[in-house]
Amino acid sequence: MQSTQHLTIATTGDDILTLTAEPVTVFDDKLRALADSMLSTMLNANGVGIAATQVFSRAAMFIMASNPNERYPDAPTMAPTAVINPQILSISSATEAGIEGCLSIPGQRLSILRHQQIEVQYQSLNGELQQHTLTGFVARIFQHEYDHLQGITLLERVKLMAPQVEAMPC
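So, a few notes on the structure that sits alongside this text. (Residues numbered from 1 in each chain as written. Predicted model: local features only at pLDDT ≥ 70, side-chain atom pairs only at ≥ 80, totals over all residues. Heavy atoms only, no water.)

## A closer look at the sheet that holds strand β1 (residues 49-51)
Part 1 of the argument: Read across the sheet, five strands follow the order β1-β2-β3-β6-β7 without closing on themselves; strand pairing throughout is antiparallel. Sheet topology places β1 and β7 (129-135) at the edges, where each strand pairs with a single neighbour. Geometrically, the sheet is characterised by an average inter-axis angle of 40° between neighbouring strands, direction not taken into account.
Part 2 of the argument: Bridge count for strand β6 (residues 117-123) against β7 is seven bridges, and the pairing is antiparallel. When the sheet's bridge partners are listed, E119 is paired in β7 with T133.
Part 3 of the argument: On the sheet, helix α1 (residues 29-44) packs against β1, β2 (61-64) and β3 (81-91) and is oriented at approximately 45° with respect to β2. (Pairing = 2+ DSSP bridges. Helix = DSSP H or I, 4+ residues; strand = E, 2+ residues; numbered from the N terminus. Axes fitted to C-alpha atoms, helices over the stretch in contact; angles between N-to-C directions. Contact = heavy atoms within 4.5 Å.)

## Comments concerning the packing of aromatic side chains
Part 1 of the argument: Counted under the stated rule, the structure contains four aromatic pairs.
Part 2 of the argument: Taking 5.1 Å as the distance between ring centres and 80° as the angle between the ring planes, the aromatic pair formed by F62 and F142 counts as edge-to-face. Highlighted residues: F62 in strand β2 and F142 in helix α2 (residues 136-149), separated in sequence by 80 residues.
Part 3 of the argument: Classification of F142 as buried rests on a relative accessible area of 0%.
Part 4 of the argument: Ring geometry for F142 versus Y146: centroids 6.4 Å apart, planes at 15°, classification stacked. Of this pair, F142 and Y146 both sit in helix α2, four residues apart, which is roughly one turn of that helix.
Part 5 of the argument: What links up through ring pairs into an aromatic cluster is the set F62, Y122, F142 and Y146.
Part 6 of the argument: We note R109 situated over the ring of Y72; from NZ or CZ to the ring centre the distance is 4.8 Å. (Phe/Tyr/Trp six-rings, centres within 6.5 Å; stacked < 30°, edge-to-face > 60°. Buried < 20%, exposed > 50% of the residue type's maximum accessible area, 1.4 Å probe, protein only. Lys NZ or Arg CZ within 6 Å of the ring centre and 35° of its normal.)

See below:
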């Protein structure tokens, strides 16, 4: 993937962020161009992931590209990966809280509980099926972006966690 044009990032209040993404069925140059533009937009905003819904597309696709930057100085380095029609096949019972930001919620960072290890399946830009076990920060990115494709932002994720948060001693 190479950098191209920057897209507009949807922010809290934009309806697209509440919609469920639609499966990708055509793997063509248009899809690759969207992936390239998403990567460029994400890197420009110092992100480590971006979902298609965040750039006003209903495609069930996101980009993961973990690299240390000013928002995530301790992020591991990984090559940009286009994740299309993702599924989470299994999750570890072990969870871990971590501070997350979101390009669609500028200026806010929240503590979010995520599974430490997940088994995932998705398609590549060529439509090839991929299956991987992800751990740590990369698993966190996948879960965060996967949430976007379900119409769930960090603000909704915090509400979903509310019973657990309330049970914690002050």
